[in-house]
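Chain by chain, the residues run as shown.
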Amino acid sequence: MICPNCLKTYPKNHHFWEVLGIKSEVAFFTCGTCQEKFHYLEKNKCQGCARNCSDQYCSDCLKWQEVYPEKVSHEAIFTYDENFSQWIDDYKFKGAYHLRFTFQKELKKIFCNTKEVIVPIPISEKRLKERGFNQVEGLLEGAGISYVSLLEKSCEVTPQSKQGKKERMALPQVFRVKKDLKIIKPIILFDDVYTTGTTLVRAQEMLEKNGYKVLKTVSLAR
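Residues numbered from 1 in each chain as written. Predicted model: local features only at pLDDT ≥ 70, side-chain atom pairs only at ≥ 80, totals over all residues. Heavy atoms only, no water.

A.B. asks: Would you mind showing me how to read the nonpolar core here?
C.D. replies: Soluble, globular proteins show a tendency: their nonpolar side chains are buried together. One finds Leu150, Leu151, Ile187, Leu189 and Leu207 to be the most contacted residues of the largest nonpolar core, which totals 27 residues. Counting residues per element, the ones that place at least two in this core are helix H3 (59-67), strand S2 (117-120), strand S4 (175-177), strand S5 (187-193) and helix H9 (198-209). Among all residues touching Ile187, those that are not within four sequence positions of it are Val117, Val119, Leu150, Leu207, Tyr212, Lys213, Val214, Leu215 and Lys216. Core analysis: the second largest hydrophobic core is formed by 25 residues, Leu139, Ile188, Phe190 and Ala221 among them. (Core = buried A, V, L, I, M, F, W, Y, C linked by side-chain atoms within 4.5 Å. Buried < 20%, exposed > 50% of the residue type's maximum accessible area, 1.4 Å probe, protein only. Helix = DSSP H or I, 4+ residues; strand = E, 2+ residues; numbered from the N terminus. Contact = heavy atoms within 4.5 Å.)

A.B. asks: How should I be thinking about helix H7 (residues 135-142) in this particular structure?
C.D. replies: Helical geometry note: an α-helix holds 3.6 residues per turn, so side chains three or four residues apart project in the same direction. Of all eight residues in H7, seven are buried, a share of seventy percent or more. Of the residues flanking the start of H7, the one acting as N-cap is Asn134, its side-chain oxygen 2.8 Å from the backbone nitrogen of Val136. With its phi angle positive at about 70°, Gly144 sits one or two positions after the end of H7. (Polar contact = N/O pair within 3.5 Å; in protein donor to acceptor, adjacent residues only side chain to side chain.)

A.B. asks: Looking at this model, I keep getting lost on the sheet that holds S2. Mind explaining?
C.D. replies: Sheet strands line up and pair through hydrogen bonds in the backbone, either parallel or antiparallel. Spatial strand order, S1-S6-S5-S2: four strands in an open sheet with parallel pairing. Unpaired on one side and paired on the other, strand S1 (74-78) and S2 mark the two borders of the sheet. Each strand axis lies, on average, 25° off the axis of its neighbour in the sheet, ignoring direction. Its contacts with the sheet put H9 on S1, S5 and strand S6 (214-221), and the angle it makes with S5 is roughly 155°. (Pairing = 2+ DSSP bridges. Axes fitted to C-alpha atoms, helices over the stretch in contact; angles between N-to-C directions.)

A.B. asks: When you look at the pattern of salt bridges in this model, what are you seeing that I'm missing?
C.D. replies: Close approach of charged atoms allows side chains of opposite charge to pair. Evaluated as defined, the whole model comprises nine salt bridges. Put simply, Asp89 and Lys94 hold a salt bridge, and the shortest N to O gap is 3.4 Å. Relative accessible area serves as the criterion here: at 26%, Asp89 is assigned to the partly exposed category. With a relative accessible area of 58%, Lys94 lands in the exposed category. (Salt bridge = Lys/Arg side-chain N within 4 Å of Asp/Glu carboxyl O.)

A.B. asks: Which parts of the structure should I look at to understand the pairing of S2?
C.D. replies: Alternating residues of S2 divide into Val117 and Val119 and Ile118 and Pro120, and every residue in both groups is buried. Inspection of the sheet shows S2 paired to S5 by four bridges, in the parallel sense. When the bridges of S5 are listed, Val119 appears paired with Leu189.

A.B. asks: Got a minute to help me understand the packing of aromatic side chains in this structure?
C.D. replies: When we look at a pair of aromatic rings, we describe it by the centre distance and by the angle of the planes. Applying the stated criterion across every chain yields a total of 15 aromatic pairs. Ring plane angle 75° and centroid distance 4.9 Å describe the contact between Phe38 and Phe103, whose orientation is recorded as edge-to-face. Of this pair, Phe38 sits in the loop between helix H2 (32-35) and H3 while Phe103 is found in the loop between helix H4 (82-93) and helix H5 (104-111), placing the two residues 65 residues apart along the sequence. There is no split in this pair, since Phe38 and Phe103 are both buried. Both rings, one in Tyr40 and one in Phe78, keep their centres 4.9 Å apart while their planes meet at 25°; by these two values the pair is stacked. (Phe/Tyr/Trp six-rings, centres within 6.5 Å; stacked < 30°, edge-to-face > 60°.)

A.B. asks: What am I meant to see in the pairing of S5 here?
C.D. replies: Moving residue by residue along a regular strand, the side chains alternate between the two faces of the sheet. Of all seven residues that make up S5, seven are buried, and the element is covered over most of its length. Relative to S6, S5 runs parallel, the two being bridged by six bridges. Residue Val193 lies in a different strand from S6, and its bridge partner there is Ala221. Chirality of the crossover, the property in question, places the unit of S5, H9 and S6 among those that are right-handed. (Right-handed = clockwise from strand over helix to strand, strands pointing away.)

A.B. asks: Is there a simple way to think about the environment of Gln135 in this case?
C.D. replies: Topologically, Gln135 is positioned in helix H7. What makes Gln135 buried here is its relative accessible area of 3%. Sequence-wise, Gln135 and Phe93 are 42 residues apart; in three dimensions their C-alpha atoms are separated by 9.5 Å. Those residues within four positions of Gln135 in sequence are excluded, and the remaining contacts are Tyr91, Lys92, Ile123 and Asp192. A distance of 3.3 Å separates a polar atom in the side chain of Gln135 from a polar atom in the side chain of Asp192.

A.B. asks: It is not clear to me how the environment of His39 should be interpreted in this structure. Could you clarify?
C.D. replies: Residue position: His39 is located in the loop between H2 and H3. For His39, a relative accessible area of 39% puts it in the partly exposed group. In sequence terms His39 and Tyr80 are 41 residues apart; their C-alpha atoms lie 8.4 Å from each other. When sequence neighbours within four positions are dropped, the list of residues in contact with His39 reads Ile77, Phe78, Thr79, Asp81 and Asn83.

The following block contains the structure:
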């Protein structure tokens, strides 16, 4: 097996989805050394967005309760710390596409038995041409998880990584629903990183405006 982070080979171990009879077509599995670089969110989490928090709701979610009380709950896996920031920079901005296999174990655990439709957050046509791939779809494909690209970006805005918190939470609606796709089942929205929640709130808002039911949102990191 090959670790998608350090690219070293190591003996194959049997994973829980293989025991269940779910085959993996990819020979990439994150090694133990690399796994230790990423830290799972602590048990004390905000009930609205999974952020490490000693209170029931964090400051961001208290704000969303005022401006968009319909916001669904959010589930995240890892803490967005220095190691995760470096990983996302290599994957998303430096084009290390093989890193899409890094978290297939965690994503399979969340999504392999779900009956809902997984809808990834899209990127603009401009970003797609520059980057060569949608990093969110790449994560799902790396884990062998089916999804429906129901949303598309209607306009380009300044990347959130270059904006402050106040600016991010005030971002306008940038999504639209693809009219040629129709689904009936409830939806789970998926993104790579949850910062203030604005991206997922705007996506939820647009889907519900068009008659879709969003059950919850999920991200790799918070």
